[in-house]
Amino acid sequence: MASENEVTKEASRLGLFRDRNFLWLWLSYVISNLGDSALALALSVTVYNATNDKTVLGLAMVFGMLPVLLFGLAGGVFADRWNRRRTMITADLGRALSVLLLLWIPSAHFQSHLNAQDRGLVYAISFLVASFSCFFSPSRQGLLPALVPRERLLQANSLMLTASQATMFLGPALGGLLIKFLHPHSVFIFDAATFVASALFVRLIANVTTPPGAKAARGVRGLWQDAREGLHYVWTSRVLRPSLILLSLVVVGGAVYNTLEFPFVRDLWHGTGTQYSLLGALS
């Protein structure tokens, strides 16, 4: 049985939702994560079913990870210079438009075979969506302290983490249901709609984001200087450098696992997309 102190802490944490600005940011985070999870599952299933080629599926995963290496650090630097609220809205709308480009691939191609042009479009869209995410995520993280008092940041981050864990379970399950009962195009439309909804929620947040700091006036040269200084600090730190290397290995291992997971389920277990979505929700 929960103690009175634990009940009080939980009530205090949930009381953050009475702050409309935090509520809009939380809903934006939840709905965009939900769409992301559904799209990741849908792309794995539809691309491999239409090509029977692990290389094509692997390249789609690689193009979805490449922006993290290219823009991951720069995204954080830009987040410190730009209006974070506007950056999040722009990134959301950019991701929505990118996903809608998948509708250019004819429906029949997802049922039979993706040609070279279709594959190139899948790679490009995977790259674009991940690129916009590199600017959305640090902007959201930087906006949170401007919305929540310092003494309640731990509670706010806890609610964000809970939402992330929930969407990691619900997203694949939802993606599997959409693929089973509807066409893959429906998943792409759903994902684009989640990004638009996320942008609308961010738009409702009062413009309380902290203004760009003095570094914003240093121009492009200052931008790259900040990026170099940040990378140098991480690489020379005895704590952060091993963490960065370990994180890189985890990301690479995750990419290999995600690439081989559906082929394993379909070809060795003779499973369906629905069973794969259940595995994704439980893993």
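Refer to the preceding data block for the structure.
Residues numbered from 1 in each chain as written. Predicted model: local features only at pLDDT ≥ 70, side-chain atom pairs only at ≥ 80, totals over all residues. Heavy atoms only, no water.

To continue, consider the pattern of salt bridges. For the structure shown, the criterion picks out two salt bridges. Measuring nitrogen to oxygen at the nearest pair gives 3.9 Å for the salt bridge that ties Asp 36 to Arg 95. Of this pair, Asp 36 sits in helix 2 (residues 20-51) while Arg 95 sits in helix 4 (residues 84-100), and the two are 59 residues apart along the sequence. By relative accessible area, Asp 36 is classed as partly exposed at 24%. By relative accessible area, Arg 95 is classed as buried at 2%. A salt bridge links Arg 95 to Asp 92; the shortest N-O distance between them is 2.7 Å. Of this pair, Arg 95 and Asp 92 both sit in helix 4, three residues apart, which is roughly one turn of the helix. Residues joined by salt bridges that share partners form a network here, namely Asp 36, Asp 92 and Arg 95. (Salt bridge = Lys/Arg side-chain N within 4 Å of Asp/Glu carboxyl O. Helix = DSSP H or I, 4+ residues; strand = E, 2+ residues; numbered from the N terminus. Buried < 20%, exposed > 50% of the residue type's maximum accessible area, 1.4 Å probe, protein only.)

Once that is clear, we can look at the nonpolar core. Counting 22 residues, the largest nonpolar core has Phe 22, Leu 25, Leu 144, Val 148 and Ile 205 as its most contacted members. Those elements giving two or more residues to this core turn out to be helix 2, helix 4, helix 6 (116-147), helix 7 (153-181) and helix 8 (184-204). Excluding residues within four positions of it along the chain, Ile 205 makes contact with Asn 21, Trp 24, Leu 25, Arg 85, Leu 143 and Leu 147. Among the nonpolar cores identified, the runner-up in size contains 19 residues, and Ala 60, Ala 96, Val 122 and Phe 188 belong to it. (Core = buried A, V, L, I, M, F, W, Y, C linked by side-chain atoms within 4.5 Å. Contact = heavy atoms within 4.5 Å.)

The next subject is a nonpolar patch on the surface. A cluster of nonpolar side chains, contributed by Leu 97, Leu 100, Leu 103 and Ile 189, occupies part of the molecular surface with about 340 Å² of accessible area. With respect to the element layout, Leu 100 can be found in helix 4. Given the relative accessible area of 34%, Leu 100 is considered partly exposed. (Patch = residues over 30% accessible without salt bridge, like charges linked within 9 Å, V, L, I, M, F, W, Y side chains within 5 Å. Areas by Shrake-Rupley, 256 points an atom, 1.4 Å probe, with all protein chains shown as cover.)

Below, the discussion takes up the packing of aromatic side chains. A complete count under the given rule lists four aromatic pairs for this structure. Ring geometry for Phe 17 against Trp 26: centres 4.9 Å apart, planes inclined by 75°, an arrangement best described as edge-to-face. Using a relative accessible area of 23% as the deciding quantity, one classes Phe 17 as partly exposed. Ring centres of Trp 24 and Phe 201 lie 5.9 Å apart, and the angle between their planes is 15°; on these two criteria the pair is classed as stacked. Here Phe 201 lies in helix 8 and Trp 24 lies in helix 2, a separation of 177 residues in the sequence. Owing to a relative accessible area of 21%, Phe 201 belongs among the partly exposed residues under this scheme. In textbook terms, an aromatic cluster arises when at least three aromatic residues are bridged by ring pairs, as seen for Phe 17, Phe 22 and Trp 26. Here Arg 95 stacks its cationic end above the ring of Phe 136, 4.4 Å away from the centre of that ring. (Phe/Tyr/Trp six-rings, centres within 6.5 Å; stacked < 30°, edge-to-face > 60°. Lys NZ or Arg CZ within 6 Å of the ring centre and 35° of its normal.)

The next thing to look at is the packing of helix 4 against helix 6. Packing of helix 4 against helix 6 brings their axes to within 8 Å, and their N-to-C directions diverge by 160°. Looking at the two axes, helix 4 sits roughly antiparallel to helix 6. With respect to the hand of their crossing, helix 4 and helix 6 are arranged in left-handed fashion. Listed contacts from helix 6 to Arg 84, Thr 87, Met 88, Ala 91, Asp 92, Gly 94, Arg 95, Ser 98 and Val 99 of helix 4 are Ile 125, Leu 128, Val 129, Phe 132, Ser 133, Phe 135, Phe 136, Ser 139, Arg 140, Gly 142 and Leu 143. Residue classes in the contact of helix 4 with helix 6 are distributed as 10 nonpolar, six polar and four charged. (Axes fitted to C-alpha atoms, helices over the stretch in contact; angles between N-to-C directions. Parallel < 35°, antiparallel > 145°, perpendicular 65-115°, else oblique. Left-handed = near helix turned anticlockwise from the far one by under 90°. Nonpolar A, V, L, I, M, F, W, Y, C, P; charged D, E, K, R; others polar.)

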